[in-house]
Amino acid sequence: MNKAADICKHTSSDLLNRVQPIASQQSLREEQLIELVEINSSSLNPQGINEVGEWFANAFNKISHDIERIHLPPWERVDFQGVVQQQTLGDLWRIKKRPHAKYQILLTGHLDTVFPLSSPFQKANRLQAECLNAPGAADMKGGLLVLLSALELLESTPLAQQIGWTVLLNPDEEIGSPSSAAILEEEAKTHDLGLIYEPALPDGNLAGARKGSGNFTCCVHGKAAHAGREPELGRNAINKAAELILELAQLNNARPGLTLNTGMINSGETTNKVPDLAVFKFNIRIETKDDAHWCTQHLETLISQYNEHDGYKAELHGGFGRMPKQLDSQHLALYSLVQEYSKQLNRPLTYAATGGCCDGNNLAAVGLPNVDTLGVRGDFIHSHNEYIQLPSLTDRAQLSALLLLHIAQHGLPFKQSRTGGIK
Ligand SMILES: [Zn+2]
């Protein structure tokens, strides 16, 4: 066991008493959660996202007045006509407290969900006394309330003087944080550790190492012609795209853990016309940074080969937005501390590697050790069966508050190595 986890065994009863008051807010948090999940905040609904963002800005205003609303550049994406579209995003919020304190903690969460305005899944539905089925309840409006509760508790104690914190609430995590990544990474460089409020698994377990991820759009241009009168003059973009897709599928497991999924395709208007455009989108998951370089080169070579095929043109857009998160010794010390305090709360947990990724990847990519599943317990996220275990609004907030109080009292669970931003 590392030193920090050992210390917490001896001092935890005092800290456990200090985090008890969080329990008295359980019914308030449940009411707030229902209010929040019923505001649609799909990544493509900036108005709804801003409504949720304003709600939290107002709530944080009780513990900090350093609140900044930041307009992000639009998200550029290639549509199924092969045209680059500018998608307006909601605003990002940055809330700071004590930027000169000894320890600097970055806490992040996303305001967006995956459920569009057109989805029938917009309301909360209580399944049992302790379970609520609702869009974004676990991923991650419940987690945002956990973050808020933990910081409110910290600010109610004198130990808070040791801790400076920054909260970032971003509007675009569910689409890969294309416009907020730069701010996340810039802030990561001036903090000692990161706490992220993605949901935990139903048993409370955490995500450990995470794969990296890249999203790509490929446009294959052919030539239109009448399918019956002069098909020989045409160049069928669907056929050419199909060849390319099958070649891409060969990349699965070409390196350990590498997966490629073509997930969307669009082409054609009618069966008697040779289609002149096919657009498809695919995602690649990787285990190491080297895999990203390897894939990028491989894709470039493949595309240039297809550009030599008579009468066809292939274009590739996109890239790797998230590098893999690997667990180094700082991460292991941090995870061990989280495990120790979970045990003190009678909720022992462990962690396991996952192919999924989140903003924890971005923070780790610039060297910030972080735990990224400190949000609520729940399951079936991104589906209409998504649910939250309501008691986790309290005990997960207590867990985060314990971590913050521990750091205030005993320091970081690893040697402070931040180079940027120490004031
Ligand atoms: Zn999430």
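Residues numbered from 1 in each chain as written. Predicted model: local features only at pLDDT ≥ 70, side-chain atom pairs only at ≥ 80, totals over all residues. Heavy atoms only, no water.

Next up on the list: the overall build of the chain. Helix and strand counts for the chain come out as ten helices and 20 strands. Taken against the 2.2 N^0.38 rule, which gives 22 Å for 423 residues, the C-alpha radius of gyration of the chain at 24 Å falls within 12% of a compact globule. In terms of overall dimensions, the chain has C-alpha extents of about 85 × 40 × 35 Å along its principal axes. Split into buried and exposed, the 423 residues of the chain put 55% on the buried side. Contacts spanning at least 24 positions in sequence make up 81% of the contacts within the chain whose residues lie at least 6 apart. For the chain, the computed accessible surface area is about 17900 Å², with 50% contributed by carbon and sulfur atoms. Looking at charge distribution, the chain has the averaged site of its 37 positive side-chain charges lying 5 Å from that of its 47 negative ones. (Helix = DSSP H or I, 4+ residues; strand = E, 2+ residues; numbered from the N terminus. Rg over C-alpha atoms; globule rule 2.2 N^0.38 Å. Buried < 20%, exposed > 50% of the residue type's maximum accessible area, 1.4 Å probe, protein only. Contact = heavy atoms within 4.5 Å. Areas by Shrake-Rupley, 256 points an atom, 1.4 Å probe, with all protein chains shown as cover. Lys, Arg positive; Asp, Glu negative; His and termini not counted. Charge placed at Lys NZ, Arg CZ, Asp CG, Glu CD.)

Attention now moves to the coordination of the zinc ion. For the zinc ion, the full set of protein donor atoms is His110 (NE2), Asp139 (OD) and Glu198 (OE), and the range of their distances to it is 1.8 to 2.1 Å. Ordering the donors of the zinc ion by residue number gives the pattern H-x28-D-x58-E. Here His110, found in strand S5 (residues 103–110), pairs with Asp139, found in helix H4 (residues 137–155); they are 29 residues apart in sequence, far enough to count as distant. Owing to a relative accessible area of 1%, His110 belongs among the buried residues under this scheme. (Donors = N, O, S within 2.8 Å, 3.2 Å for Na, K, Ca; no water.)

Moving on, we come to the domain arrangement of the chain. With domains assigned, the chain is organised as domain 1 (3–75 + 87–209 + 325–410) and domain 2 (212–322). Across the boundary between the two partners, domain 1 contributes eleven residues, which contact seven residues of domain 2. Summed over both partners, the interface of domain 1 with domain 2 buries about 610 Å², with 38% contributed by carbon and sulfur atoms. For Asp359, the salt bridge goes to Arg322, with nearest N and O atoms at 2.8 Å. Taken together, the connections running from domain 1 to domain 2 amount to six residue pairs in polar contact (both at pLDDT 80 or more). Of the residues that constitute the side of domain 1 that touches domain 2, the class distribution is two nonpolar, seven polar and two charged. (Domains from an automatic or database assignment. Buried area = accessible area lost by both parts, 1.4 Å probe. Salt bridge = Lys/Arg side-chain N within 4 Å of Asp/Glu carboxyl O. Polar contact = N/O pair within 3.5 Å; in protein donor to acceptor, adjacent residues only side chain to side chain. Nonpolar A, V, L, I, M, F, W, Y, C, P; charged D, E, K, R; others polar.)

To continue, consider the sheet that holds strand S19 (residues 378–379). A sheet is described by the order of its strands in space; here four strands give the open sequence S6-S7-S20-S19, paired in antiparallel fashion. Strands with a single pairing partner mark the edges of an open sheet, and in this sheet they are strand S6 (125–128) and S19. Contacting strand S7 (131–133), S19 and strand S20 (387–389), H4 runs over the sheet at an angle of about 45° to S20. (Pairing = 2+ DSSP bridges. Axes fitted to C-alpha atoms, helices over the stretch in contact; angles between N-to-C directions.)

Let's shift gears to the sheet that holds strand S13 (residues 259–267). By way of backbone hydrogen bonds, the strands of a sheet pair with one another, either parallel or antiparallel. Pairing is antiparallel in the open sheet, where four strands are placed in the order S13-S15-S11-S16. Bordering the open sheet on either side are S13 and strand S16 (313–322), each of which pairs with just one other strand. In this sheet, adjacent strand axes meet at a mean angle of 15° when their direction is disregarded. Pairing of S13 with strand S15 (residues 277–286) involves eight bridges; the strand directions are antiparallel. Residue pairing across strands places Leu260 opposite Ile284, the latter belonging to S15. Across the sheet, helix H6 (residues 237–249) is in contact with strand S11 (212–221), S13 and S15; its angle to S15 comes to roughly 10°.

Time to look at the pattern of salt bridges. One pass over the full model with this rule turns up 23 salt bridges. A salt bridge links Glu54 to Arg69, with the shortest nitrogen-to-oxygen separation between them at 3.1 Å. Here Glu54, found in helix H3 (residues 46–60), pairs with Arg69, found in strand S1 (residues 66–70); they are 15 residues apart in sequence, far enough to count as distant. A relative accessible area of 36% means that Glu54 is categorised as partly exposed. For Lys313, the salt bridge is made with Glu315, and the minimal N-O distance between the two is 3.3 Å. Using a relative accessible area of 45% as the deciding quantity, one classes Lys313 as partly exposed. For Glu315, a relative accessible area of 23% corresponds to the partly exposed category. Taken together, the shared-partner salt bridges in this structure form one network comprising Glu68, Arg94, Lys96, Glu186 and Glu187.

Turning to the side chain of Asn205, a few remarks are in order. Turning to its location among the elements, Asn205 is positioned in the loop between strand S9 (193–196) and strand S10 (206–210). With relative accessibility at 15%, the residue Asn205 sits in the buried group. There is a polar contact of 3.0 Å between the side chain of Asn205 and the side chain of Asp203. When near neighbours in sequence (up to four residues on either side) are disregarded, Asn205 contacts Ala200, Leu349 and Thr350.

As a further point, take helix H7 (residues 289–306). Because an α-helix packs 3.6 residues into every turn, residues spaced three or four apart end up facing the same way. Compared with an ideal rise of 1.5 Å per residue, which puts 18 residues at 26 Å, H7 spans 26 Å between its outermost C-alpha atoms and is within 8% of the ideal. Close packing links the buried residues of H7 with S11, H6, S15 and S16. (Expected span 1.5 Å × (residues − 1).)

Turning our attention to the packing of helix H2 (residues 26–37) against H4. In the contact formed by H2 and H4, the axes pass within 10 Å of each other and the chain directions differ by 135°. Considering their axes alone, H2 and H4 lie oblique with respect to each other. In this structure, H2 crosses over H4, and the sense of that crossing is right-handed. Packed against H2, whose contacting residues are Arg29, Gln32, Leu33, Leu36 and Val37, the element H4 presents Ala137, Lys141, Gly142, Leu145, Leu148, Ser149 and Glu152 at the interface. For the contact of H2 with H4, the per-class residue count stands at six nonpolar, three polar and three charged. (Parallel < 35°, antiparallel > 145°, perpendicular 65-115°, else oblique. Left-handed = near helix turned anticlockwise from the far one by under 90°.)

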